[in-house]
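Okay, here's what each chain looks like letter by letter:
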Amino acid sequence: DYIRPMSAGDKFSVNWIAGLRVAEFKENIFFDGSDSYDRYLQERHISSSGWGFKVGATANMDFTKQFGLEAALAVSFLQGTSSGSSSFCDGRCGHGPSGFQQDDTEGSDDSMRGEIRDYGLKAVWHQGPVDIFAGFSSSNWDGLPSNPDPGTEGGHFAIGSVSDKDRSDVTFNKWSVGARWKIGG
């Protein structure tokens, strides 16, 4: 990331951010269950990756010399590829002559568009060259978590339809506490 600070007063500044971003998303889901008659096996695998540019800003508001808040927002626009596979087996799953169904599918997308939005808010305590912070951040990924596998029709009871393309985003959230040391001013 390239960061350019701009002061808007004694207690307020904005750090503008521009850079490159690479991202990878992998998901593996497996289900193995049975009832008194049959066994059910399901699997789904998704692997996506992308790269692109990132823009954003961090606003810094100092209320006193020792305490302030930081609010951050960044958006990344990615071009990516994705591949996925799924399988479903019900009945005896190949063990016996009756009641057997097997569905195996694969799919890929080499022109996927992804977008990642990052948000954050931190309370910051300034202690000379050291800042101590506590805050919350969230990252919302669109596009990359989509399932490129066309699958088969119909719903399967454990992990949903093997063609389940409904989910197109995923969110990661975290609370954080830490410290940073400023070198040279």
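Conventions and cut-offs
- Residues numbered from 1 in each chain as written.
- Predicted model: local features only at pLDDT ≥ 70, side-chain atom pairs only at ≥ 80, totals over all residues.
- Heavy atoms only, no water.
- Phe/Tyr/Trp six-rings, centres within 6.5 Å; stacked < 30°, edge-to-face > 60°.
- Helix = DSSP H or I, 4+ residues; strand = E, 2+ residues; numbered from the N terminus.
- Buried < 20%, exposed > 50% of the residue type's maximum accessible area, 1.4 Å probe, protein only.
- Patch = residues over 30% accessible without salt bridge, like charges linked within 9 Å, V, L, I, M, F, W, Y side chains within 5 Å.
- Areas by Shrake-Rupley, 256 points an atom, 1.4 Å probe, with all protein chains shown as cover.
- Salt bridge = Lys/Arg side-chain N within 4 Å of Asp/Glu carboxyl O.
- Pairing = 2+ DSSP bridges.

Novice: Break down the packing of aromatic side chains for me, citing the residues and quoting the values.
Specialist: One pass over the structure, following the stated rule, counts five aromatic pairs. Between Phe 67 and Trp 125, the ring centres sit 5.6 Å apart and the planes meet at 50°, which makes this aromatic pair tilted. In this pair, Phe 67 is assigned in strand E4 (residues 67-90) and Trp 125 in strand E5 (residues 101-127), connecting sequence segments 58 residues apart. A residue is classified by how much of its surface remains accessible, and Phe 67, at 27% relative accessible area, is partly exposed. Residue classification places Trp 125 among the partly exposed residues on the basis of a relative accessible area of 37%. The interplanar angle of 75° and the centroid separation of 5.5 Å between the aromatic rings of Trp 141 and Phe 172 together place this pair among those described as edge-to-face. A residue pair is termed long-range when its members are at least 10 positions apart, and Trp 141 in strand E6 (residues 130-142) and Phe 172 in strand E7 (residues 169-181) qualify at 31 residues. Of the residues examined, Trp 141 reaches a relative accessible area of 11% and is grouped as buried.

Novice: Please set out a nonpolar patch on the surface residue by residue, giving values where relevant.
Specialist: A surface patch of nonpolar side chains, amounting to about 410 Å² of accessible area, comprises Phe 12, Met 61, Phe 63, Leu 69 and Leu 121. Its location among the elements puts Leu 69 in strand E4.

Novice: An account of the pairing of strand E3 (residues 39-62) is requested, with residue identities and associated values reported.
Specialist: As judged from the 23 bridges shared by strand E2 (residues 12-34) and E3, these two strands associate in the antiparallel manner. Within E3, the position partnered with Trp 16 by the bridge is Ala 57. The antiparallel pairing of E2 with E3 creates a hairpin that spans four residues between the two strands. Note that E3 and E4 share 22 bridges and pair antiparallel. When the bridges of E4 are listed, Thr 58 appears paired with Ala 72.

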